Amino acid sequence: MGVVLFGIALPPVQGFDTGSRLLATGGITQIEGAAGGGLVPWAVLSGYGQKDEWGGDLFVTYARTDDYALGAAGVSVAFGNRVEFSLSTQLLDIDDLADDLGLPDDTLRQEIVGVKARLLGDLIYGVVPQFSAGLQYKHNADFDVPALTGARDDDDIDFYLNASRLWLSGIYGYPVLVNVGLRFSRANQLGLLGFGGDKDGSRDTLFEASAGILLRRDLLLGYEYRQKPDNLSFAAEDDWQDAFLAWFPNKYLSLTGAWIDLGSVAGKSGQDGFYFSVEGTY
Amino acid sequence: MRSSMLPCTPLPVLLLVVACAATPGPGGRSLYEDLGGQPGVERLVTATVRLAHSDKRISFLFEKMNDAELIRQLQDQICYLSGGPCEYKGRSMSEAHSGMDINEAEFDAFVERLTDAMVGTGIPHSARNRLLSLLAPMREEIIHQ
């Protein structure tokens with residue numbers, strides 16, 4: 001079935017099948033490569049693979065705030081609606097900051113390897129929401145700047161636990177998605193500023209949550225909140241939030257636009273801006 | 001959110017109907033009315049069965065069925081669930097699917113075709129989801145029987 005939005009008609013994609021799970025139930029890909037919203041992982045696994053099927057996705061994300069630009073890209077594969085593996089890379093442009101402070105690098109890069117497993121429950125069916133646990137191994141590839149700011153390590157692992165539920169009847173028949181999670185992390189600005197710091201070297205327990213409503217079968221409007229650690233004395237790190245609109249024209253593609261509010265980042269306050277993500281699903 | 005979904009899950013169809021049917025929509029209309037009443041439900045069920053036959057993931061499950069009988073049963077059931085003036089006299093969900101060994105993927109494929117049929121017959125988004133939320137608790141009595 002073709003899809004029409006703003007007068008643009010997209011033909012159905014023929015020739016190969018995604019998994020059987022329902023449209024939009026793989027979420028999009030969060031900035032660290034896991035299936036989720038934009039900033040926060042959800043308990044769902046990437047792609048549309050049901051039990052005995054597999055799937056996954058490719059994503060590219062670009063985010064821009066007043067003083068920074070972040071690009072991220074990655075790939076994931078999930079098996080049997082049970083376990084998801086992901087690889088992604090992030091590149092943060094810190095040109096303004098580097099000019100101000102005379103820093104040795106004007107970009108910061110890191111690689112992330114992620115694993116997530118569905119523990120129990122289901123996003124939609126049965127009485128138990130879907131629970132998943134995951135980890136993200138991150139390696140900062142440009143550690144000179146983070147070291148100058150007081151970061152302790154150039155790699156570390158984030159652990160997280162989350163639960164997601166989609167209530168089909170939702171609000172007057174508009175399905176409602178709720179996701180809550182805990183992350184155990186010592187990553188400074190996702191790890192782009194290294195791990196641990198002069199102020200706090202150990203992992204914090206951080207709260208993450210998302211809520212969304214399916215305005216149409218293919219259109220998810222949502223909000224996310226992500227608590228952040230605050231390990232570096234040179235600059236306070238703020239919690240993040242975003243409001244997003246994700247469009248799923250078919251089971252092979254999603255496009256997401258978001259407004260993001262990152263607060264103060266490395267001493268530059270008021271970092272809000274936009275986020276755009278394209279994702280191909282298989 | 002909708003706590004009324006929870007008690008429905010393990011109960012047989014009849015009780016499920018009592019517990020869940022006829023949740024009124026925004027305008028206080030029954031779901032049955034929002035589905036277009038008897039002609040709307042008939043169009044929907046006919047389209048669903050047609051799409052199920054054309055979907056290679058699930059068509060084999062419908063090959064040996066009598067379409068007219070299947071359409072009548074589905075029609076009664078959806079009419080009943082949605083608060084319409086019908087009785088569902090068919091077998092229980094687990095009896096009706098006994099021996100078919102429907103798996104999770106096939107169940108989702110059927111939901112997808114049902115949704116396509118609802119879109120195709122002009123049933124609005126909110127009514128589609130209200131119907132799906134009445135059918136979703138039956139999944140445990142349909143798969144792996």
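What you see is a predicted model; the values in this text were computed from it and never measured.

Enquirer: Please clarify how the overall build of chain B should be interpreted in this entry.
Expert: Within chain B one finds nine helices and zero strands. Evaluated residue by residue, chain B yields a buried proportion of 35% over its 145 residues. A separation threshold of at least 6 residues defines the contact pool for chain B, and within that pool the share at least 24 residues apart is 72%.

Enquirer: Help me understand the overall build of chain A, please; the structure alone is not making it clear to me.
Expert: A count of helices and strands for chain A gives two helices and 16 strands. The C-alpha atoms of chain A give 19 Å as radius of gyration, which agrees with the globular expectation for 282 residues (19 Å, within 12%). Counting only C-alpha atoms and orienting by the principal axes, one finds that chain A spans roughly 55 × 40 × 35 Å. Taken across its 282 residues, chain A has 49% of its residues classed as buried. Sequence separation of at least 24 residues holds for 59% of the intrachain contacts in chain A that already meet a minimum separation of 6.

Enquirer: Looking at this model, I keep getting lost on the interface of chain B and chain A. Mind explaining?
Expert: Size of an interface, as often reported, equals the accessible area lost when the parts are brought together. Taken residue by residue, the interface counts 27 residues in chain B and 23 residues in chain A. For the side of chain B that touches chain A, the elements supplying multiple residues, two or more each, are helix 7 (104-120), helix 8 (125-135) and helix 9 (139-142) of chain B. Ranked by residue count, the leading element in the side of chain B that touches chain A is helix 7 of chain B, at eight residues.

Enquirer: Can you help me understand the confidence of the model for chain B in this one?
Expert: For any part of a model where pLDDT is low, the fine detail of the predicted coordinates should not be relied upon. Residue and element names in this part refer to chain B. Put simply, chain B has an average pLDDT of 85, and 81% of its residues get 70 or more. Taken together, the stretch residues 1-22 has pLDDT below 50 and engages in 37 contacts with residues farther than four places along the chain or on a different chain. Here the prediction assigns the complex a pTM of 0.89, and the interface score ipTM is 0.89.

Enquirer: Would you explain helix 5 (residues 67-81) of chain B in this entry?
Expert: Given 3.6 residues per helical turn, the α-helix brings residues three or four places apart onto the same face. Residue and element names in this part refer to chain B. Here helix 5 is 15 residues long and its end C-alpha atoms lie 21 Å apart, about the 21 Å a rise of 1.5 Å per residue gives. Among the residues making up helix 5, those that are buried are Leu-74, Gln-77, Ile-78, Cys-79, Tyr-80 and Leu-81. Just downstream of helix 5 lies Gly-83, where phi reads positive at about 90°.

Enquirer: Would you mind going over the packing of helix 3 (residues 37-54) of chain B against helix 5 of chain B with me for this structure?
Expert: In a pair of packed helices, the angle between the axes and the distance between the axes together describe the arrangement. Residue and element names in this part refer to chain B. Two numbers describe how helix 3 lies on helix 5: the axes approach to 9 Å, and their chain directions differ by 135°. On the basis of their axis angle, the class for helix 3 and helix 5 is oblique. Helix 3 and helix 5 meet at a crossing whose hand is right-handed. Where helix 3 abuts helix 5, its residues Gln-38, Val-41, Glu-42, Val-45, Thr-46 and Val-49 lie against Asp-67, Leu-70, Ile-71, Leu-74, Gln-75, Ile-78 and Cys-79. Broken down by class, the residue content of the contact of helix 3 with helix 5 amounts to eight nonpolar, three polar and two charged.

Enquirer: Would you take a moment to explain the sheet that holds strand 9 (residues 130-140) of chain A for this structure?
Expert: Two orientations exist for strands paired in a sheet by backbone hydrogen bonds: parallel and antiparallel. Residue and element names in this part refer to chain A. Spatially, the twelve strands close up into a barrel ordered 5-6-7-8-9-10-11-12-13-14-15-16, and their pairing is antiparallel. Neighbour-to-neighbour, the strand axes of the sheet open up by a mean angle of 20°, direction not taken into account. Where strand 6 (residues 69-79) lies against strand 7 (residues 83-93), eleven bridges are found, and the strand directions are antiparallel. What sits directly across from Val-75, in strand 7, is Leu-87.

Enquirer: What is the right way to read the environment of A:Phe85 from this model?
Expert: Residues and elements named next belong to chain A. Following the sequence through the fold, Phe-85 ends up in strand 7. Residues Phe-85 and Ala-34 lie 51 residues apart in sequence; the distance between their C-alpha atoms is 8.1 Å. For Phe-85, the contacting residues outside a window of four places in its chain are Ser-76, Val-77 and Val-115.

Enquirer: Sorry, what's going on with the pairing of strand 9 of chain A here?
Expert: Regular strands place their side chains on alternate faces of the sheet. Residues and elements named next belong to chain A. Side-chain alternation along strand 9 places Gln-130, Ser-132, Gly-134, Gln-136, Lys-138 and Asn-140 on a buried face and Phe-131, Ala-133, Leu-135, Tyr-137 and His-139 on a face that remains uncovered. As judged from the ten bridges shared by strand 8 (residues 107-120) and strand 9, these two strands associate in the antiparallel manner. For Val-113, the partnering residue across the bridge sits in strand 9 and is Tyr-137.

Enquirer: Explain the environment of B:Arg130 to me, please; I cannot follow it from the model alone.
Expert: Residue and element names in this part refer to chain B. Mapped onto the fold, Arg-130 is located in helix 8. On the neighbour-count criterion, Arg-130 (27 C-beta atoms within 10 Å) is buried. Between the C-alpha atom of Arg-130 and that of Ala-96, which follows or precedes it by 34 residues, the distance is 23 Å.

Enquirer: What exactly am I supposed to notice about the confidence of the model for chain A here?
Expert: Summarising the model, chain A shows a mean pLDDT of 94, and 94% of its residues fall at 70 or more. Contacts of residues 1-9 of chain A to residues separated by more than four positions or lying in other chains number 13 contacts, the stretch itself having pLDDT below 50.

Enquirer: Would you take a moment to explain the packing of helix 3 of chain B against helix 7 of chain B for this structure?
Expert: All names here are of chain B. At their nearest, the axes of helix 3 and helix 7 sit 8 Å apart, and the two run at 135° to each other. Taken together, the axes of helix 3 and helix 7 are oblique relative to one another. Crossing handedness for the pair helix 3 and helix 7: right-handed. Contacts between helix 3 and helix 7 involve Leu-44, Ala-47, Thr-48, Leu-51 and Ala-52 on the former and, on the latter, Phe-110, Arg-113, Leu-114, Asp-116, Ala-117, Met-118 and Gly-120. The residue inventory of the contact of helix 3 with helix 7, partitioned by class, reads eight nonpolar, two polar and two charged.

Enquirer: Explanation requested: the pairing of strand 15 (residues 253-261) of chain A in the structure shown.
Expert: Residue and element names in this part refer to chain A. Of the two faces of strand 15, the one lined by Ser-254, Thr-256, Ala-258 and Ile-260 is fully buried and the one lined by Leu-253, Leu-255, Gly-257, Trp-259 and Asp-261 carries no buried residue. As paired elements, strand 14 (residues 240-250) and strand 15 share eight bridges and run antiparallel to each other. Residue pairing across strands places Phe-244 opposite Ala-258, the latter belonging to strand 15. Linking strand 14 to strand 15, which pair antiparallel, is a turn of two residues. Across nine bridges, strand 15 lies against strand 16 (residues 272-281) in antiparallel orientation. Across the sheet, the residue bridging to Leu-255 is Val-278, located in strand 16.

Reading the values: rules and limits
Note on numbering: residues in each chain are counted from 1, in written sequence order. Chains carry letters and ligands carry numbers; both start at the beginning, A for chains and 1 for ligands, and go up in the order they are written. It should be noted that, the model being predicted, local features are given only for residues of pLDDT at least 70 and side-chain atom pairs only at 80 or more, the latter also being counted only at that level, while totals for whole chains, interfaces and linings use all residues. Runs of H or I in DSSP of at least four residues are treated as helices and runs of E of at least two as strands, each being numbered from the N terminus. Three exposure classes are used. Buried residues have 20 or more other C-beta atoms within 10 Å of their own C-beta, exposed residues have 12 or fewer, and partly exposed residues fall in between, all C-beta atoms being placed from the backbone. Note on contacts: residues are paired as contacts if their backbone-placed C-beta atoms lie within 7 Å. Taken over C-alpha atoms, the radius of gyration is set against a globule rule of 2.2 Å times the number of residues to the power 0.38. The quantity known as pLDDT measures the predictor's confidence residue by residue, on a range of 0 to 100. By this rule the span expected of a helix is its residue count minus one, scaled by 1.5 Å. Interaxial angles span 0 to 180 degrees and are taken between N-to-C directions of axes, which are lines fitted to C-alpha atoms, for helices over the stretch in contact. Comment on the angle field: the value is read as roughly parallel under 35 degrees, roughly antiparallel over 145, roughly perpendicular from 65 to 115, and oblique elsewhere. By definition, any crossing whose near helix is turned counterclockwise from its far helix by less than a right angle is left-handed, and any crossing with a clockwise turn is right-handed. In this classification, Asp, Glu, Lys and Arg are treated as charged, Ala, Val, Leu, Ile, Met, Phe, Trp, Tyr, Cys and Pro as nonpolar, and every other residue, Gly included, as polar. Strand pairing is defined by DSSP finding a minimum of two bridges between the two strands.

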